[in-house]
Every structure is written in C-alpha cells, then in structure tokens.
Amino acid sequence: MQFEKICVMGLGYIGLPTASTFANQGKRVIGVDVDSHVVETLKNGGLHLHEPGLRTLVQAALASGNLTISSTPEAADAFIIAVPTPFYENKKADMRAVKSAAKAIVPYLQPGNLVILESTSPPRTTLDIVAPILSGNGLKPGKDFYLAYSPERVLPGHILREMIENARVIGGIDPASAEAGKALYSLISRGEIILTDSTTAEMVKLMENTYRDINIAIANEFSRLGQRFGIDIWDAITIANRHPRVKILQPGPGVGGHCISVDPWFLVEAAPDLTQLIHTARKVNDSQPQFVVETMRQIVKDLKGCRVTGLGLAYKPDVDDIRESPAVEIVSQLAEAGAQVTVFEPFKKVDGLAENIRQAGSLESALVDADIIVLLVAHSQFLALTTADIASQTRCRVLLDTVNGWRNQDWKTAGFNVYRLGVGKLA
Ligand code: SAJ
C-alpha cells in the first residue's frame, strides 16, 4: 500500500508528534484539531504543550512544507484518530471526541483508504462505535476501506524516542486491515510490529496501564504500612525487589495523568462484575492524596492557618501536564482544611486552582514564608536543590518529601526536620 497523504485527527501529545514524524519522513500530512487556539498557535510557529524535542520536530515538519495545520480534514490515503478519551465525573468513558473525529472523516473517506484509531478506548470501540460511524456514506469497513486499532504506548517525557522505538500493536478488524496498518507504521517505526485483532489490541493497551496502576496501588498501600510499622518502605521495596520475581513500583502522592488514572475505569465500566481488583486499586490510588494530607496533619498537628508550600503540581516529574494530578488534589485538600497554601510549578502557571491557593512565580517567593514545605513532584530542578539552597531562601526547617527525592542529603546536620512518605518516623 502507498501512503502519500495522511490526515491526523487531534494534535495533542500523540497526534502532533505522529503528524510531524510522518511529515519529516517526506509524507504530506494534514494535522487537524478542533481547538482553534491549538490551530492558531501551531500556524504561528508556537507550541501549545511541552514535550522534550517536540518543538524542533514540529518546526522541521512545518518548514519542510509537508505538514499543514487545519481545523478540517481533507481527503487522504490514511486517517489516524488521536483524540483524547477522558472520563466523565462518574468515571464513565467520554467517547465524544472519538465519535466526532470519526464523523468528521466520513465525507472524505474513499475506497482503499486506511483508518486507524490510536486513542485509548474501551474494549470493542473500533467494532461497535467507530466502524458503524465510518459506514455512514455507504462504504463498508473491511470491504471498501481498512480499519484498525493501534494504541499509542509512549511515555510522556520520552514520546519522541518511544514513538519510533517501541513495539507497536496493530489490531485490524480483519487481517488485511492489520497488514495495511503495518505498512503505514513501518514508515516511522523501528520497533517490532505485532499484528492482532482490534479488540485484542484495545485490551492490550488497557491491560498494560491497569497492570501498572495495580502495581503502584500496592506500593502506595505498602507506604501506609511503612508508616504504621515504623520502617522505611523505600528501603523495604528495594530489598524486596532483589527477589528475582518481584518488581514493586514506587509509592508516591498518588497516580495522575490522562492514562493510568483513567484507563482502568474503562474496564470497570465495561465489566463491573469482573473487575473488583482493578476497581479497588483505583480507589487506593485515588485516596493516596488524602493519605498525604493526613500525614501532614500528623506532622503539623493543626492545618488551620499553617503556611504550606507545595513544590510541583504536574502529575509526574519533568512534564507540564496537570491532568488528574495528585499534587493538585493535595494542595486543594490542604486549602480546604484551612491551610494557607502556596505552590510553585516551574513548568507553567496552572489555571483553575482554588482562589485561596497562591501560585508563586519563583521558588524563592514560594519558600520564604513557609511553615512546612512539601515536595509533591520529583522535578529534576527540585531534586537538585541542596540543603544550603533551601536554607538560604527560608527560615522554614520542616519538610515532607512524598517522592523520596531528598533522601541522600544530610538534612539533620543542616538543621532540618525531614519527613518522608512511607517512613515511620512521624512525630
Ligand atoms: N507513578 C508512581 N509510582 C511509580 C510509577 C509511576 O506513583 O512507580 C505515578 C506517576 O507519578 C504518575 C502516574 O503514576 O502520577 C503515571 O505515571 P507513569 O509514568 O507510570 O505513566 P504515564 O501515565 O505517564 O504513561 C503511561 C505509560 N504506560 C505504561 O507504562 C504501562 C505509557 O507507556 C503509556 O503510553 C501512557 O500511560 C498512555 O498514554 O497510556
């Protein structure tokens, strides 16, 4: 199959690097987004999200003339749908973006085209939701055009490398569709390409993130036990992981992001009677912010009026993404409990925080008046801070480290009282 022109629906963390990578391989690419701010920003040479290396990649694609940004699709050989699949307040999958992207393609779909869904989706979405929509103008999936599901599996912060190097799963609604998908991704992928059916591919993606969520949930539960039994859970996990068949992940302030904290819910929604473990793990991870707040309360005794400085709001280190971030949840709960909360997130100013949470413009102004400092995200720039750096910017000498980021410094000698989540040394 020949792919000279590719239309990518959705220009977020996945769609934009995908579109740019195909364009840099010499393919003509139409990158489509419904958000006029995204379209205008990209057209004006800007970038609406942070991902290492992405600016250079996008600029090269635009400069080559191969990548065009648009708010509407065009006829193409292949269409890739890479739009968000968040959840509603009640944790049910919000498939509106997938449905409207599929609908938008229908007028441009021609015999022989390939359509790929990349968005993380509940089992059977390709067959039961996307295929019927694409059949709207009389063309039959599997007969007149190819249709496959190929999940993105790249790690935010490493997207550009993983997009090329990771193994890729392509699930066709029939074998010919899977082969067509392979022909497309072979243009950019150096990883192994594994062919299967569309529902298996959807499940594989959900299973990967659910497995990770459950593994983090047990680490978080262990952190609670560490505090209860007076041990250092980080050490205990390191020792347990010396066993050849044990690989416990790291505890922390909770699980955030648009993937791991969302995707397991798709399985719970699809089969509530069969997913007790998955559901419980979600609840454990979702309640970890509350455990951090309780830990703070044990340290300071009374949160009311306590001046708390939170370092980091992103959902994980060295990204700017705050979707479902446990750090945001923690500072919100602290403010609700009456603490005077100041936060510093170096990657961006965050919209939508409660009005009584102050966002500092610099580390120094965040630290200066604190009664207690809580490290919420292991951003490299925070981990690089020394005792002297912090001591020079504030009189505060009480810290809570929720990510085990500051363990190797001699805080005691520098006069600090440092608490670590999961360590049973609480006052
Ligand atoms: N976290 C922990 N402890 C750990 C690891 C992570 O508390 O040991 C927390 C992080 O701080 C963060 C959350 O979990 O809040 C998720 O972070 P992550 O780095 O585990 O994963 P994501 O959500 O950034 O990316 C995941 C990846 N999936 C897997 O590793 C199985 C990525 O490969 C997927 O492409 C991505 O989800 C996605 O888009 O689905």
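Here the residue index of a chain counts from 1 through its sequence in written order. Predicted model: local features are reported for residues with pLDDT of at least 70 only, side-chain atom pairs are reported and counted for 80 or more only, and whole-chain, interface and lining totals are derived from all residues. By convention in this description, side-chain values take in all heavy atoms of the structure and omit both hydrogens and water.

1. Some thoughts on the domain arrangement of the chain
For the chain, the assigned domains are domain 1 (5–203) and domain 2 (231–420). The contact criterion used is simple: two residues touch if any of their non-hydrogen atoms lie within 4.5 Å. On the domain 2 side, the residues contacting the 17 residues of domain 1 number 19 residues. In short, buried area is how much 1.4 Å probe accessible area vanishes from two parts on joining, totalled over both. Interface area for domain 1 against domain 2, summed over the two sides, is near 1400 Å², with a carbon-plus-sulfur share of 65%. Salt bridge criterion: a side-chain nitrogen from Lys or Arg within 4 Å of a carboxyl oxygen from Asp or Glu. Put simply, domain 1 and domain 2 have 1 salt bridge between them. Of the charged contacts in the structure, one is a salt bridge between Lys 91 and Asp 286, with a shortest N-O distance of 3.8 Å. When its residues are assigned to classes, the side of domain 1 that touches domain 2 shows 10 nonpolar, 5 polar and 2 charged. In this entry, domain limits derive from an automatic or database-based domain assignment. All residues other than Ala, Val, Leu, Ile, Met, Phe, Trp, Tyr, Cys, Pro, Asp, Glu, Lys and Arg, Gly among them, are scored as polar; the first ten of these are nonpolar and the last four charged.

2. Quick notes on the site of the ligand
The ligand sits among 20 residues. The nearest are Glu 152, Val 154, Lys 205, Arg 212 and Tyr 315. Nitrogen and oxygen atoms within 3.5 Å of one another constitute a polar contact, given that in protein one can donate a hydrogen and the other can accept it, and given that sequence-neighbouring residues count only through two side-chain atoms. At 2.5 Å, a side-chain N or O of Glu 152 approaches an oxygen atom of the ligand. Within the backbone of Val 154, one N or O atom sits 2.7 Å away from an oxygen atom of the ligand. A total of 770 Å² of accessible area belongs to the ligand in isolation, and the protein chains cover 86% of it. Starting at the N terminus, helices and strands are each numbered in turn, a helix being any DSSP run of H or I of at least four residues and a strand any DSSP run of E of at least two. Sort the elements by how many residues they give to the shell around the ligand and helix H8 (residues 198–229) lands first, with 5 residues. Broken down by class, the residue content of the shell around the ligand amounts to 9 nonpolar, 4 polar and 7 charged. Three or more residues apiece are contributed to the shell around the ligand by two domains, here domain 1 (5–203) and domain 2 (231–420). The near set for a molecule or strand comprises every residue that places at least one heavy atom within 4 Å of it. Reported accessibility uses the Shrake-Rupley method at a 1.4 Å probe radius. Residues are deemed covered only where the shown protein chains occlude them.

3. Topic: the sheet that holds strand S1 (residues 5–9)
Between any two strands, pairing holds if DSSP finds at least two bridges. Strand order across the open sheet formed by 8 strands is S3-S2-S1-S4-S5-S6-S7-S8, with mixed pairing between neighbours. A single partner strand is all that each edge strand has here, and the edge strands are strand S3 (67–70) and strand S8 (193–197). Across the sheet, the axes of successive neighbouring strands diverge by a mean angle of 25°, strand direction being ignored. Bridge analysis of strand S7 (residues 168–172) against S8 gives 5 bridges, and the strand direction is parallel. When the bridges of S8 are listed, Val 169 appears paired with Ile 194. The angle between two axes is taken between their N-to-C directions and runs from 0 to 180 degrees, where each axis is a line fitted to C-alpha atoms and a helix contributes only its stretch in contact. Against the sheet, helix H4 (residues 96–105) touches S1, strand S4 (78–81) and strand S5 (114–117), its axis set at about 165° to S4.

4. Thoughts on the sheet that holds strand S11 (residues 357–359)
Taken in spatial order, the 6 strands of this open sheet run S11-S10-S9-S12-S13-S14, and their pairing is parallel. Either end of the sheet is taken by a strand with one partner, and the two such strands are S11 and strand S14 (417–420). Ignoring strand direction, the axes of neighbouring strands in this sheet form an average angle of 20°. Judged from the 4 bridges that link them, strand S13 (residues 398–401) and S14 form a sheet pairing that is parallel. Considered in S14, the bridge of Val 398 is made with Asn 417.

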